[in-house]
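Spelled out, the chains give:
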Amino acid sequence: NAGVTQTPKFQVLKTGQSMTLQCAQDMNHNSMYWYRQDPGMGLRLIYYSASEGTTDKGEVPNGYNVSRLNKREFSLRLESAAPSQTSVYFCASSSVQGQPQHFGDGTRLSIL
Amino acid sequence: EDQVTQSPEALRLQEGESSSLNCSYTVSGLRGLFWYRQDPGKGPEFLFTLYSAGEEKEKERLKATLTKKESFLHITAPKPEDSATYLCAVQGGQNFVFGPGTRLSVLP
């Protein structure tokens, strides 16, 4: 049982480039989340999806877009990367809405 | 505004030396308090949920307790494999807020 799988694990971008972070879960969960984790700060919610076909903004949505492609997959897109978006990004899922329970191992993103 | 603080920021213990981690919170209408463990290079791993003051949960050497203003994660006779960052989070209304974590090192 893989749980929550994120790709890629590492990425380096130049300012202005775009990229998509992929996330898939195999637990049949309705709710999925994207967080960023920065040193000295708690995990901050970027976007979440309560169910297939719905997405909502979290605490720090600016500069990001998301797509809930189907029940399994939830992707995060940076349209024009900025150095302030250098961070570790985590995807999570849960069977209870609003309570992230299972996390992937993260994507470490550096923007130069 | 819902807020979570954790102390200490970092803690070093000798193997077998019991201690406690603190999570203080302010939230409008607590729906749950959550503890996670995070190993370096990994995502958080869910440990416990506490729903009301006075509630306690245990798992191996860990015991979590909850009051109206804070939660404690008690670690009894820790082992080196307990070394990790421990995250606390609270859910109030529509918000789910994480604390910055306590980095625990247990030395053999």
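Residues numbered from 1 in each chain as written. Chains lettered and ligands numbered in written order. Predicted model: local features only at pLDDT ≥ 70, side-chain atom pairs only at ≥ 80, totals over all residues. Heavy atoms only, no water.

Student: Teacher, can you tell me more about the overall build of chain B here?
Tutor: Each helix and strand counted, chain B has 0 helices and 11 strands in total. For 108 residues, the compact-globule estimate of 2.2 N^0.38 gives 13 Å, and chain B sits close to it at 13 Å. Counting only C-alpha atoms and orienting by the principal axes, one finds that chain B spans roughly 40 × 30 × 20 Å. Within chain B, the fraction of its 108 residues that count as buried is 44%. Looking at chain B as shown, the accessible area adds up to about 5400 Å², and 47% of this sits on carbon and sulfur atoms. (Helix = DSSP H or I, 4+ residues; strand = E, 2+ residues; numbered from the N terminus. Rg over C-alpha atoms; globule rule 2.2 N^0.38 Å. Buried < 20%, exposed > 50% of the residue type's maximum accessible area, 1.4 Å probe, protein only. Areas by Shrake-Rupley, 256 points an atom, 1.4 Å probe, with all protein chains shown as cover.)

Student: Can you walk me through the overall build of chain A in this structure?
Tutor: Check the secondary structure of chain A and you find 0 helices and 11 strands. Start at the N end of chain A and walk to the C end: the helices and strands fall as β-β-β-β-β-β-β-β-β-β-β. In terms of overall dimensions, chain A has a C-alpha envelope of 35 × 25 × 25 Å along the principal axes. By the burial criterion, 46% of the 112 residues in chain A qualify as buried. A fraction of 55% describes how many contacts in chain A between residues 6 or more apart in sequence connect residues 24 or more apart. Accessible area of chain A: about 5200 Å², with a carbon and sulfur share of 48%. Between the averaged position of the 10 positive side-chain charges in chain A and that of its 8 negative side-chain charges there is a distance of 5 Å. (Contact = heavy atoms within 4.5 Å. Lys, Arg positive; Asp, Glu negative; His and termini not counted. Charge placed at Lys NZ, Arg CZ, Asp CG, Glu CD.)

Student: Mind showing me how you'd approach the interface of chain B and chain A here?
Tutor: The extent of an interface is frequently quoted as the accessible surface area lost upon association of the parts. Between chain B and chain A, the residue contacts involve 15 residues of the former and 16 residues of the latter. Summed over the three residues of chain B that lose the most area to chain A, namely Pro44, Phe96 and Phe98 of chain B, the buried surface amounts to 34% of that side. If you look at where chain B meets chain A, you find 1 salt bridge. For Asp105 of chain A, the salt bridge identified is with Lys42 of chain B, shortest N-O distance 3.5 Å. Residue assignment for the side of chain B that touches chain A shows that the elements contributing at least two residues are β4 (30–38), β9 (84–92) and β10 (95–98) of chain B. Ranked by residue count, the leading element in the side of chain B that touches chain A is β4 of chain B, at 3 residues. Here the residues of the side of chain B that touches chain A sort into 9 nonpolar, 5 polar and 1 charged. (Buried area = accessible area lost by both parts, 1.4 Å probe. Salt bridge = Lys/Arg side-chain N within 4 Å of Asp/Glu carboxyl O. Nonpolar A, V, L, I, M, F, W, Y, C, P; charged D, E, K, R; others polar.)

Student: Can you help me understand the sheet that holds strand β6 (residues 56–59) of chain B in this one?
Tutor: Strand pairing in a sheet relies on backbone hydrogen bonds, with the paired strands running either antiparallel or parallel. Residue and element names in this part refer to chain B. Taken in spatial order, the 5 strands make up an open sheet running β1-β3-β8-β7-β6, and their pairing is antiparallel. The open sheet has two edge strands, β1 (3–7) and β6, and neither has a second partner. Going across the sheet, the axis of each strand differs from the next one's by a mean of 15 degrees, ignoring polarity. Pairing of β6 with strand β7 (residues 62–66), which is carried by 4 bridges, proceeds in the antiparallel orientation. Bridging from a neighbouring strand, Glu56 pairs with Thr65 of β7. (Pairing = 2+ DSSP bridges. Axes fitted to C-alpha atoms, helices over the stretch in contact; angles between N-to-C directions.)

Student: Would you mind going over the pairing of strand β11 (residues 102–107) of chain B with me for this structure?
Tutor: Regular strands have side chains that alternate between both faces of the sheet. Residue and element names in this part refer to chain B. Side-chain alternation along β11 places Thr102, Leu104 and Val106 on a buried face and Arg103, Ser105 and Leu107 on a face that remains uncovered. Here strand β2 (residues 10–14) pairs with β11 via 5 bridges, running parallel. Within β11, the position partnered with Arg12 by the bridge is Ser105. As paired strands, β9 and β11 are joined by 3 bridges and run antiparallel to one another. Its bridge partner being in β11, Ala84 is matched across the sheet by Leu104.

Student: Sorry if this is basic, but what is going on with the sheet that holds strand β7 (residues 64–68) of chain A here?
Tutor: Residue and element names in this part refer to chain A. Taken in spatial order, the 4 strands make up an open sheet running β1-β3-β8-β7, and their pairing is antiparallel. Whereas interior strands pair on both sides, the edge strands pair on one side only; in this sheet they are β1 (4–7) and β7. Across the sheet, the mean angle separating the axes of adjacent strands is 15 degrees when strand polarity is ignored. Examined bridge by bridge, strand β3 (residues 19–25) and strand β8 (residues 74–78) share 3 bridges and lie antiparallel to one another. Counted as the bridge partner of Leu21 is Leu76 from β8.

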